[in-house]
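Take a look at the letters that make up each chain.
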Amino acid sequence: MDVLGFYPMWYVPAIGSASVIAIIATIHVLASHTSVGASILLAYLATKAHRENLPQIYDYIKRYLLGLLVFSYVSGSITGPGIWFSASVANPRGISALIHNFVWVWAAEWIWFVAEVTLVYILYYTLGRIDMKSWLRLAWTFAIGSWATMYIIVGILSFMLSPGHEKWFVSGNILDAFYNKNYFPHLLMRSSYMFAIAGTVGIAIASLMKKDLPEKVYKDIVRTLSFWGIGGLVFGTMFFGWYVSTLPQRSLVMLSGIVPKWYYALIFIILLVLLSHFMLTAIRPTVARFYMAYPIYLLIFFMGIYPEEKIRETIRKPYVAGEFVWVNQIIAKDVPAKGIHSEVPKIQQAGFLASNPFVPEGLKKITPDNEIMAGKAIAILQCSGCHNVTSSSGLRPFGQKFAGMTDKETVYSFLASYLTPQNHPPYMPYFVGKDEELRALSAYIADMISKGGRVSAKIEVPRQSFEAHK
Amino acid sequence: MQMTVYQNLIRWFLLWVLGVLLLGGRLAFAGQSPAEVSQMLKAMADPAGAPFYPIVMQILQVLTWALHIVVVWTSVGGLLYAIYGFMRKEENHQRLARAMLELAKVSVSLAIVLGVAPLLFYQVIYDPLWYASANLSASWYVMFIVFLLIGYYLIWFAYFRRQNSTQAMVFSIGGVVFLLLVGFIIHAVNYQALYPEKWVEWYTSGGITMNHSGWNIYAFNIFRYLSLLVFPAVATTGIFMMLYAWYFGTRREEFPQEYINFSARLGSKLALYGGAGWIVFHILYILTVPSEWNAKGSIFTWLSVLGLLLCASIIFIAQKNPVRMAVTSLVGGVVAIITVAIFREYLRVASAGRFGYSIYEYKLNLEWLSPMLFFGTLLTGLVLYAYAWWMAYKAGRTPKGQVYQASETEHHLGEASVFVVVLWAVVFIGVGLIVIARNYL
């Protein structure tokens, strides 16, 4: 039997493996945007200090750099590969598709990562130990190098959502894939909001140094950060509008109908909070307080970035990479330029379970003995990317979605009419497999619902099925 | 009499453990047939193919891994010594412990960032090995990130409390425990990847289930772990101590000669003992490699042993004058690391080769634009690194309280680095604008 290149499945009940990525990604985005925004803000402040002969600003810069070292260059540095690690196990074929297309681009980003990490240490340790002209050069190259990491990753993130153009599927040209339709609005949006993030934490750090700095210098720093923050918010929101206008149609459908409305509410509130805070500190820098600025910074995590990451993940569906790899890891579309073929026809013919080398032999041929367990295996393999398939709580749970459907024929009729190539919703893949596999999935769902909507995630191959294939 | 019985029991038990460990990967499940494994591996290779010649990916993977592992070793070794140093009352030990803690702190940062590249190149040509193995132990693989975060913050706590030797020691112990734990996870994932014939059996527990929780570790080899992580950490940190003495020895008044000599001597001893342990466990690991991989008959295996012996000989000679021999010892260390890195890669080639999987036959979808981007960025980066590291080197050798004034040549290098970095950004954005205009306007 020919197998396809599926990997061992990792199933995270309740929150789902996608939420594991989202949590790690949220920490990373907060840390990295703080760092990139701060690199430019600090280079600007250092230049100002040099030109206006305000050496006290260097003390502030040193403290901010230490803050970056402790937060961004620990949490940010680790959660960057952390996104990659979690994506490798949550969706190995999705991340593989990206790496096989963009390996050199990522490797180029790595050059800047190394520059960033070494330069932040060098800047911290050499401030006041080498002449300022040389230090400023290092500071500006640090700023551009940090920003360059964003230039690069945004292209890959945009491609994940959509190559933007049918052209890439036939040209295979990396430029068509990378510089896709929403590259620039996406880059400009992040490049703007990062100043609001870095500005907020910058104000928190400044407020801790209020007593150590001359009043004029202190006010200068807080005002500068506030103005940059206001600019970041205004431009970021403008570019967000442009970004939305470049999204593919299916994403717009999800934005208007599927994404929970409270995500938008949270983002709107945090933008207002940030704007009010910056306006206040711009007008009266002396009112800046650590206990005000730092909680706002933390709120950005919960109210700004986490919903944003969840929205981004949602509007990408049913794909995880370049509109050809589905969220359940099946390659669903040909990419002629790369010699990639849709796996759907093969799976329809050979069967979904039989195509996966990591499915026990005793489940590959469906019998009355193993039907429910085979159905559970299908649910975990094909649906758990977006659903909690063994319970009634957590991520879009089966227990709720199928509430009351205890008859397997009813479930089958529903799935057979809903998850077809013609009728499937734009955010969900259709079912791929043999009819008997859809029946097994239905039998499992009906069985699970009849047991109260909650069953163990364990898969046990019935003895007879195991013996038959031993 | 009773004592002798116990001693004999313990001896026999230890011998039994050693025997089991030596058998290593040959035990466990029988595994799938070679034809099935071959088919599975080929199906798993990404249909997009490699965007460039696999051998280039392989070379870059080996070289960048060598860079990465050096700083992994100085992270672990720096902490191990810091713990010992903080326990000692003598001022020299205390001072060197603080310096090694600083080394560990910076090394972890570098280890994280330098670890990205080898994994990137590896995943392009060995994707079946890596993703399958990582997914077998998926939850542990994600916990790698969590443990690393905890470990790194403990190291920072130790650093902030470095003037209090007891607290610094306690945090350092926590830090090194977590680093060794993440080392264990990545070691297990790498080791499991070498046994594709067992993956299905492991995942399905012989056909009765699907172990999708990811909370399983299926294979571990203590000799590989000790020879690729623990002993080299001690040896490399020893060489680093010698370099530390060499770097600060002649230029900075706040480093008394007696302290410099102490650091160099201690470093050379650590390098010697760590190196000896490294060689022993490297050979023991070679003995555990299944015979059908032909490791004992491979030139790469013996080159790695020779590389280690050469390094050990240099360090042995360096015992007499460790400061003068610091840079030579570094060269010896580089040779050892590269030969070990090549040996480690050879094992992958040999393991996958048993099933007809060869990276040299990986599907190729050749393209030139993105490699140009990488090598262009690399050149830009090298100019910037050269300038930045040179300035750091000069600043470090400037006596405390003084400001280093760059020479005219250094200013020119600085201007050149700013120029190439700005040029890179302009070209990157400019190309993007042209492509967007061509495709969408």
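Residues numbered from 1 in each chain as written. Chains lettered and ligands numbered in written order. Predicted model: local features only at pLDDT ≥ 70, side-chain atom pairs only at ≥ 80, totals over all residues.

Draft legend 1. Focus on the overall build of chain A. When you go through chain A residue by residue, the secondary structure sums to 19 helices and 2 strands. Once the C-alpha set of chain A is aligned to its principal axes, its extents read approximately 85 × 45 × 40 Å. Relative to its 470 residues, chain A shows a buried fraction of 60%. Restricting to contacts in chain A with at least 6 residues of sequence separation, those with at least 24 account for 77%. (Helix = DSSP H or I, 4+ residues; strand = E, 2+ residues; numbered from the N terminus. Buried ≥ 20, exposed ≤ 12 C-beta atoms within 10 Å, placed from the backbone. Contact = placed C-beta atoms within 7 Å.)

Draft legend 2. Region of interest: the overall build of chain B. The secondary structure content of chain B amounts to 15 helices and 0 strands. For 441 residues, the compact-globule estimate of 2.2 N^0.38 gives 22 Å, and the C-alpha radius of gyration of chain B, at 24 Å, lies within 12% of that figure. Projected onto the principal axes, the alpha-carbon positions of chain B cover approximately 90 × 70 × 40 Å. Scored against the burial criterion, the 441 residues of chain B give a buried share of 49%. Put simply, of all contacts in chain B between residues at least 6 apart along the chain, 83% involve residues at least 24 apart. (Rg over C-alpha atoms; globule rule 2.2 N^0.38 Å.)

Draft legend 3. Just the domain arrangement of chain B, in detail. Residue and element names in this part refer to chain B. The domains assigned to chain B are domain 1 (32–367) and domain 2 (368–441). Using C-alpha coordinates to define each centre, domain 1 is positioned 30 Å away from domain 2. With 7 residues of domain 1 at the contact, the number on the domain 2 side is 7 residues. For the side of domain 1 that touches domain 2, the class distribution of residues is 2 nonpolar, no polar and 5 charged. (Domains from an automatic or database assignment. Nonpolar A, V, L, I, M, F, W, Y, C, P; charged D, E, K, R; others polar.)

Draft legend 4. Spatial organisation of the interface of chain A and chain B. With 86 residues of chain A at the contact, the number on the chain B side is 81 residues. Where the side of chain A that touches chain B is concerned, the elements lending two or more residues are helix 1 (17–51), helix 3 (72–90), helix 4 (92–126), helix 5 (132–161), helix 7 (174–178), helix 8 (183–208), helix 14 (361–364) and helix 15 (371–383) of chain A. With 24 residues, the single largest contributor to the side of chain A that touches chain B is helix 4 of chain A. Considered class by class, the residues forming the side of chain A that touches chain B number 56 nonpolar, 20 polar and 10 charged.

Draft legend 5. How the structure looks around the domain arrangement of chain A. Residue and element names in this part refer to chain A. In terms of domains, chain A is made up of domain 1 (17–326) and domain 2 (344–469). With 10 residues of domain 1 in contact, the opposing surface of domain 2 contributes 7 residues. Among the elements of the structure, helix 1 and helix 10 (249–257) are those that each provide at least two residues to the side of domain 1 that touches domain 2. Of the residues forming the side of domain 1 that touches domain 2, the biggest block, 3 residues, is contributed by helix 10.

Draft legend 6. Structural view of the packing of helix 10 (residues 222–249) of chain B against helix 13 (residues 326–353) of chain B. All names here are of chain B. Between helix 10 and helix 13, the shortest axis-to-axis distance is 9 Å and the interhelical angle comes to 150°. The angle between helix 10 and helix 13 places the two elements in the roughly antiparallel class. In this structure, the crossing between helix 10 and helix 13 has a hand that is left-handed. Residues Thr236, Ile239, Met242, Leu243, Ala245 and Trp246 of helix 10 touch helix 13, and the partners they reach there are Ala326, Val327, Ser329, Leu330 and Gly333. (Axes fitted to C-alpha atoms, helices over the stretch in contact; angles between N-to-C directions. Parallel < 35°, antiparallel > 145°, perpendicular 65-115°, else oblique. Left-handed = near helix turned anticlockwise from the far one by under 90°.)

Draft legend 7. Examining the nonpolar core more closely. Judged by nonpolar contacts, the single largest core of 319 residues is most densely connected at Ala139, Ala377 and Ile445 of chain A together with Tyr141, Phe144 and Met242 of chain B. A per-element tally of this core places helix 4 of chain A first, with 21 residues. Apart from the residues lying within four places of it in its own chain, the contact partners of Ile445 of chain A are Phe398, Phe402, Met405 and Val411 of chain A. (Core = buried A, V, L, I, M, F, W, Y, C linked by C-beta atoms within 7 Å.)

Draft legend 8. Expanded view of unusual backbone geometry. Residue and element names in this part refer to chain A. For the peptide bond that leads from Lys317 to Pro318, omega is 5°, which places it in the cis range. With respect to the secondary-structure elements, Pro318 resides in the loop between helix 12 (290–316) and strand 1 (319–321). The backbone of Glu323 sits at a positive phi, close to 55°, despite the residue not being glycine. Looking at the element boundaries, Glu323 is found in the loop between strand 1 and strand 2 (325–326). Although it is not a glycine, Gln329 adopts a positive phi angle of roughly 75°. The topology assignment puts Gln329 in the loop between strand 2 and helix 13 (344–350). Note on Gln329: 26 C-beta atoms within 10 Å, which makes it buried.

Draft legend 9. How the structure looks around the confidence of the model for chain B. Residues and elements named next belong to chain B. Averaged over all residues, the pLDDT of chain B is 94; the fraction at 70 or higher stands at 95%. Low pLDDT, under 50, characterises residues 24–29; the predicted model gives this stretch 11 contacts beyond four residues in sequence or across chains. Complex prediction metrics read pTM 0.94 and ipTM 0.95. (pLDDT = per-residue confidence, 0-100.)

Draft legend 10. Seen up close, the environment of Tyr193 of chain A. All names here are of chain A. Tracing the chain through its elements places Tyr193 in helix 8. Separated by 160 residues in sequence, Tyr193 and His33 have C-alpha atoms that sit 8.1 Å apart. Excluding anything up to four places from it in sequence, Tyr193 contacts His33, Gly232 and Gly236.

Draft legend 11. Seen up close, the environment of Lys269 of chain B. Here Lys269 of chain B lies in helix 11 (residues 257–288). As a C-alpha pair, Lys269 of chain B and Thr380 of chain B span 111 residues in sequence and 40 Å in three-dimensional space.

Draft legend 12. Summary view of helix 15 (residues 408–440) of chain B. The end-to-end C-alpha distance of helix 15 of chain B, which contains 33 residues, comes to 48 Å, matching closely the 48 Å that a straight helix rising 1.5 Å per residue would cover. Regarding helix 15 of chain B, the residues found buried are Leu413, Gly414, Ser417, Val421 and Trp424 of chain B. As for helix 15 of chain B, its buried residues are in contact with helix 5 of chain A together with helix 14 (369–396) of chain B. (Expected span 1.5 Å × (residues − 1).)

Draft legend 13. Quick look at the environment of Ile239 of chain B. All names here are of chain B. Relative to the helices and strands, Ile239 is located in helix 10. Judged by the 33 C-beta atoms lying within 10 Å of it, Ile239 falls in the buried class. C-alpha of Ile239 to C-alpha of Asn221: the two residues are 18 residues apart in sequence and 27 Å apart in space. Excluding residues within four positions of it along the chain, Ile239 makes contact with Gly267, Ala271, Ser329, Leu330 and Gly333.

Draft legend 14. A look at the packing of helix 1 of chain A against helix 5 of chain A. All names here are of chain A. Orientation of helix 1 relative to helix 5, taken along the N-to-C sense of each, is 155°, at an axis distance of 8 Å. The pairing of helix 1 with helix 5 is recorded here as roughly antiparallel in orientation. Where helix 1 crosses over helix 5, the handedness of that crossing is left-handed. Across from Ser35, Val36, Ser39, Ile40, Leu42, Ala43, Ala46, Thr47 and His50 in helix 1, the residues of helix 5 making contact are Met132, Leu136, Ala139, Trp140, Phe142, Ala143, Ser146, Trp147 and Met150. Looking at the contact of helix 1 with helix 5, its residues break down into 13 nonpolar, 5 polar and no charged.

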